[in-house]
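Structural overview
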Amino acid sequence: MTEIALWPESAYENVEGERPYLVPHLIKSGKPLAAVIVLPGGGYRYRADHEGEPIAKWLNDLGLHAFVLHYRVAPHKHPIPLGDAKRAMRIVRSQAAEFGIDPARIGILGFSAGGHLASTVGTHFDAGDSSSSDPIERASSRPDAMVLCYPVISLGEFRHDGSLVHLLGDDAPEELRRELSNELQVTEQTPPTFLWHCADDGAVPVQNSLMFAAALASSGVPYEMHIYESGGHGIGLAYDHPEAHTWSLCCGNWLKKRGFTEDLEVQ
């Protein structure tokens, strides 16, 4: 499918490495549909393929447009991945009419470190720059819903060391680690959230999801969370797992309840 560049070429002057882009997975419909931007995990070191295109196809099956974001990873550090993710939200929202999307129903979904990036967008969004000459930059970067799959949330006690080092470096100041510990950044404006995690996750402790859910509850933000006793980490759609495979069904039901899915009118 056609790749959508996030930034004009002028943005890469004196910047080495890959160019970030979106891969659209659009479906035909007689009316605007909701959309979800997918952020694969990989510890901010790479992007896991099984958490990208297969997820987009599952979302298509639910009647949703999907976009897989190829955000920049190490050696790029913060705030580059966050800038890429916020820019992706702005592109999809500002060009919603062209894509056949309802601009008020744009969600974000992330796995592992991609879950950290998604939750960072959901807790560090902005309304856009109304004075910008770039129409994309005028659009809000706030997701209307978040789906966080075995996410890295905290950069504190229950952090994933690889994500921390690849995103911030070996000697990140405590203030920045707190700023990007997203359980500490939840407000009543944080989008409604679906979370799932496995209790035996040996890479990203389940406390990450538990702390985020507690913060959502304290701020009165609607959420749904599923914790599976076993499954480990990085299992994606988990179709072969006897218990965790149910997350996608539960998530589909939650998205329907949030008004994201509907009966599809195919042309």
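Just so it is clear, the model here is predicted, and its values are computed rather than measured.

Some thoughts on the pattern of salt bridges
Here the structure, examined in full by the defined rule, presents 14 salt bridges. The residue R87 makes a salt bridge to E137 at a minimum N-O spacing of 2.6 Å. Taken together, the residues R87 in helix α2 (residues 80-94) and E137 in the loop between α4 (113-123) and β6 (145-149) connect sequence positions 50 residues apart. A salt bridge links D144 to R93; the shortest N-O distance between them is 2.9 Å. Remark: R93 occurs in helix α2 and D144 occurs in the loop between α4 and β6; sequence separation between them is 51 residues. Judged by relative accessible area, which is 14%, R93 ranks as buried. The network of salt bridges with shared partners includes K86, R87, R90, D126, D134 and E137.

Brief notes about the environment of E16
The topology assignment puts E16 in the loop between β1 (4-5) and β2 (21-25). Residues E16 and P205, 189 residues apart in the sequence, show an inter-C-alpha distance of 34 Å.

Observations regarding the packing of α2 against α4
Closest axis-to-axis distance for the α2/α4 pair is 10 Å, and the angle between their directions is 65°. Classified by the interaxial angle, the pair formed by α2 and α4 is roughly perpendicular. The way α2 lies across α4 gives a crossing that is right-handed. Here α2 contributes P81, L82, A85, K86 and M89 to the contact with α4, which in turn contributes L117, T120 and V121. Split by residue class, the contact of α2 with α4 holds six nonpolar, one polar and one charged.

Digging into the packing of aromatic side chains
This model, assessed by the stated rule, comprises nine aromatic pairs. Each ring, one from Y44 and one from Y71, has its centre 6.4 Å from the other, and the planes form 75°; the classification is edge-to-face. Placement of Y44 in the loop between β3 (33-39) and α1 (53-61) and of Y71 in the loop between β4 (65-70) and α2 is noted, with a sequence separation of 27 residues between them. With respect to class, Y44 is no different from Y71; both count as buried. Through a chain of ring-to-ring contacts, three or more aromatic side chains come together here, namely W58, F111, Y150, W196, Y228 and W247. Of note, R142 hangs over the ring of F125, and the distance from its end group to the ring centre comes to 5.7 Å.

As for the side chain of S209
Examined against the element boundaries, S209 turns out to sit in helix α7 (residues 207-219). Within the local environment of S209, its side chain forms a polar contact with the side chain of H197, the two groups lying 2.8 Å apart. Those residues within four positions of S209 in sequence are excluded, and the remaining contacts are P151, L195, W196, H197 and M225.

A word on the sheet that holds strand β5 (residues 101-111)
Strand order in the open sheet made by the eight strands is β1-β2-β4-β3-β5-β6-β7-β8, with mixed pairing throughout. Bordering the open sheet on either side are β1 and β8 (223-228), each of which pairs with just one other strand. When β5 meets β6, the two strands line up parallel, connected through five bridges. Bridge pairing in β6 links L109 to V147. Helix-sheet contacts for α7 involve β6, β7 (193-198) and β8, and the interaxial angle to β7 is about 155°.

Concerning the state of the cysteines
The tally for this structure, following the rule as stated, stands at zero disulfides. Distance from the sulfur of C149, which forms no disulfide, to the nearest cysteine sulfur (C251) is 6.7 Å. Residue classification places C149 among the buried residues on the basis of a relative accessible area of 0%. This cysteine, C250, is not joined by any disulfide, and C251 carries the nearest cysteine sulfur, 8.7 Å off.

The rules behind each value
Residues numbered from 1 in each chain as written. Predicted model: local features only at pLDDT ≥ 70, side-chain atom pairs only at ≥ 80, totals over all residues. Heavy atoms only, no water. Salt bridge = Lys/Arg side-chain N within 4 Å of Asp/Glu carboxyl O. Helix = DSSP H or I, 4+ residues; strand = E, 2+ residues; numbered from the N terminus. Buried < 20%, exposed > 50% of the residue type's maximum accessible area, 1.4 Å probe, protein only. Axes fitted to C-alpha atoms, helices over the stretch in contact; angles between N-to-C directions. Parallel < 35°, antiparallel > 145°, perpendicular 65-115°, else oblique. Left-handed = near helix turned anticlockwise from the far one by under 90°. Contact = heavy atoms within 4.5 Å. Nonpolar A, V, L, I, M, F, W, Y, C, P; charged D, E, K, R; others polar. Phe/Tyr/Trp six-rings, centres within 6.5 Å; stacked < 30°, edge-to-face > 60°. Lys NZ or Arg CZ within 6 Å of the ring centre and 35° of its normal. Polar contact = N/O pair within 3.5 Å; in protein donor to acceptor, adjacent residues only side chain to side chain. Pairing = 2+ DSSP bridges. Disulfide = S-S within 2.5 Å.

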